[in-house]
Amino acid sequence: MVVEPKHAVVNGRNRSPRPPRSHREVADELRSRIRSGQLRAGQRMPTQAELAVEFGVERGTVRQALRVLQSEHLLVNVSKGSPATVADHPEQALTGPQALPQSTMVALAPRITAAFAAPHVRIDALCLTAVSLTLAMGEPLREIHAGRIKPARVDVRVLLPSRDIDLAFPALVDDMADDRPRRRWLAHRNAQVRVLRHNLLALRATHGIDVRVSFRALPFTPPVKLYLLNGAEALFAYYTLMQRGEEIDHEYLELYDAQGTQSMLFPFGREAGLRDTTFVEQSHLWFDALWRTISSELLITN
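Summarised in this report is the structure supplied together with it. (Residues numbered from 1 in each chain as written. Predicted model: local features only at pLDDT ≥ 70, side-chain atom pairs only at ≥ 80, totals over all residues. Heavy atoms only, no water.)

**Focus: the overall build of the protein chain**
Operational definition: Secondary structure elements are defined from DSSP: runs of H or I of at least 4 residues count as helices, runs of E of at least 2 residues count as strands, and each element is numbered from the N terminus. Here's how the labels work: a residue is buried when its accessible area is under 20% of the maximum for its type, exposed when over 50%, partly exposed in between, all with a 1.4 Å probe on protein chains only. Contact definition: two residues touch when any of their heavy atoms are within 4.5 Å. Only the protein chains shown count as cover for residues, with accessible areas throughout obtained via the Shrake-Rupley method and a probe of 1.4 Å.
Summing up its helical and strand segments, the protein chain has 7 helices and 15 strands in all. Across the 302 residues of the protein chain, 47% fall into the buried class. A separation of at least 24 residues holds for 72% of the contacts in the protein chain among residues at least 6 apart in sequence. Just so you have it, the protein chain exposes about 16,200 Å², and 51% of that area is on carbon and sulfur atoms.

**What about the sheet that holds strand β5 (residues 102-103)?**
Formally: When DSSP finds at least two bridges between two strands, those strands are taken to pair.
The strand order across the open sheet formed by 8 strands is β5-β14-β11-β10-β6-β7-β9-β15, and the pairing between neighbours is mixed. Across the chains shown, the open sheet's two edge strands, defined by having one partner strand only, are β5 and β15 (296-297).

**Some points on the sheet that holds strand β8 (residues 171-172)**
Pairing within the open sheet is antiparallel, and its 3 strands lie in the order β8-β13-β12. Looking at the sheet topology across the chains shown, the edges are occupied by β8 and β12 (241-248). Two elements, β8 and strand β13 (residues 251-258), share 2 bridges in a ladder whose sense is antiparallel. Directly across from alanine 171, in β13, lies its bridge partner tyrosine 256.

Everything listed here is a matter of geometry and, on its own, says nothing about what the molecule does.
Laid out in structure tokens, this is it:
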């Protein structure tokens, strides 16, 4: 009889097994499947027993996760006796007064992917580095390369802080004149611009898609981030500052900075009522005004 050890041995060292997933982690994964279309409207979910086996958790954890998604109006018929069902219009649960804000990392990718289902994709973004946008673009690009979606045209405009300004953040706590955090931010911003531009423009050669990508520079540090999708949705978040430590140039430094991927995105949609429609329209007017007036050519040299 072979007895399976409690801990796997890797390179002569014991490695502890992965801790069980929480109900929120299970909910996050199932929510992503619903929003990406992997689980479609009206489709019956796997049974709670099947989900428990898949995620390696107890049934109670699965039940908690399903109830979270039910509270977000993404699932219906959540009970002990039968599998839940994806709501008829799960996309409507993503916007409006009852929509729950989520971190940029969780919320942005499925909304960008949904936007790429349109024949003409239009995305406007105002942000600090474009890292969240670059990461979120990965999912629709994979869908295009897999042949599951193919828009005819993609227009992307991005507003980012200029390299020539003194950033409000990131900045050192005890010496805001120290230029090292700004130089690190600039290198990061430039890297994201290059990757985003390259990945999108490559769609011309690989899939014959008409792609236009433009960047412009702002003369200020944006205190918020904004994503406008196909003229129909606005996703808005505050950059919340915190003090944290980081090693820069081999020196541990205390910074005032914001973790953009963790910022909570508030969704607004044109079909979610007058309040949301007005917010989307005004956000477009604000973005267009910045683009046409005080922004300038964005330079990606250091």
